[in-house]
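Structural description and commentary
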Amino acid sequence: MFVQRVVWALKLKGIEYEFIEEDLFNKSSLLLKSNPVHKTVPVLIHGEKSIPESKIILEYIDEIWKQKPILPQDPLERAHLRFWAKFIDEKLVEPTKRAFLTTGEDQAKATESAVEALQKLEEEIRGKKLFGGEEIGFLDIAAGWMAHWLPVIGEIIL
């Protein structure tokens, strides 16, 4: 899901890129060199430099390639979107993972946390076409995985 954020942003901006599939159970030397701290994907390699972590990559992409901005110019609006993107990762992604990977009471607690987070997120988008208004933006990309994975996860744990 985090890799898709980067793919979507690059495609949205019309940026050509090379996608390298990574075996997360047998990590390549390129991944270990490109992200020596977390050793995870995604990593964007631009020139000779590597940038890890999907939300940081999204901001980098937006700063380097100015066409079709995904973040607003207003600092307060950007801060607001960053808050909600962090909320999605901490309050929705993590409990959803726990709900999927646990059973019994732990699964029930994680599911409840995920549902509460979804309700708060739903309040944030209520009355809007997209989080960013009329155009796909940073928060839409950060939350985009939900459209595919939540129904699947819901069938399994609910």
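Keep in mind that what you see is a predicted model, and the values were worked out from it rather than measured.

1. A word on helix α3 (residues 54–64)
- Listed in full, the buried residues belonging to α3 are S54, K55, I57, L58, E59, I61 and D62.
- Packed against the buried residues of α3 are α1 (2–13), β1 (43–46), β2 (49–52), α4 (75–101) and α6 (138–143).
- By the N-cap criterion, in which a side-chain oxygen at the helix start approaches the backbone nitrogen of a residue two or three places on, α3 is capped by E53, the distance to K55 being 3.2 Å.

2. Points about the packing of aromatic side chains
- Going through the model one piece at a time under the given rule, you end up with three aromatic pairs.
- Relative to W84, the ring of F83 has its centre 5.2 Å away and its plane inclined at 85 degrees; by these criteria the two rings are edge-to-face.
- Linked through ring pairs, F83, W84 and F87 together constitute an aromatic cluster.

3. Section: the pattern of salt bridges
- Taken as a whole and assessed by the stated rule, the structure comprises eight salt bridges.
- Salt-bridge contacts for D89 lead to K55; the nearest nitrogen and oxygen are separated by 2.7 Å. Residue D89 is found in helix α4, and its partner K55 is found in helix α3; the two are separated by 34 residues along the sequence. The same class applies to D89 and to K55, which are both buried.
- A salt bridge links K109 to E105; the shortest N-O distance between them is 3.2 Å. Of the two residues, K109 and E105 both sit in helix α5 (residues 104–125), four residues apart, roughly one turn of that helix.
- Exposure remark for K109: the relative accessible area of 49% places this residue in the partly exposed category.
- The network of salt bridges with shared partners includes R5, K55 and D89.

4. Remarks on the pairing of β1
- When β1 meets β2, the two strands line up antiparallel, connected through four bridges. Bridge pairing in β2 links I45 to S50.
- Where β1 folds back on β2, the antiparallel hairpin that results is connected by two residues, among which G47 adopts a positive phi of roughly 70 degrees.

5. Things to note about the nonpolar core
- Ranked by size, the top nonpolar core spans 30 residues in total, and within it I61, I88, L92, L121 and L139 carry the most contacts.
- It is α4 that provides the largest number of residues to this core, a total of seven residues.
- Setting aside residues no more than four positions away along its own chain, L139 makes contact with L81, W84, A85, I88 and F131.

6. What to know about the environment of Q4
- On the secondary structure map, Q4 appears in helix α1.
- Under the relative-accessibility criterion, Q4 is labelled partly exposed at 33%.

Cut-offs applied
Residues numbered from 1 in each chain as written. Predicted model: local features only at pLDDT ≥ 70, side-chain atom pairs only at ≥ 80, totals over all residues. Heavy atoms only, no water. Buried < 20%, exposed > 50% of the residue type's maximum accessible area, 1.4 Å probe, protein only. Helix = DSSP H or I, 4+ residues; strand = E, 2+ residues; numbered from the N terminus. Contact = heavy atoms within 4.5 Å. Polar contact = N/O pair within 3.5 Å; in protein donor to acceptor, adjacent residues only side chain to side chain. Phe/Tyr/Trp six-rings, centres within 6.5 Å; stacked < 30°, edge-to-face > 60°. Salt bridge = Lys/Arg side-chain N within 4 Å of Asp/Glu carboxyl O. Pairing = 2+ DSSP bridges. Core = buried A, V, L, I, M, F, W, Y, C linked by side-chain atoms within 4.5 Å.

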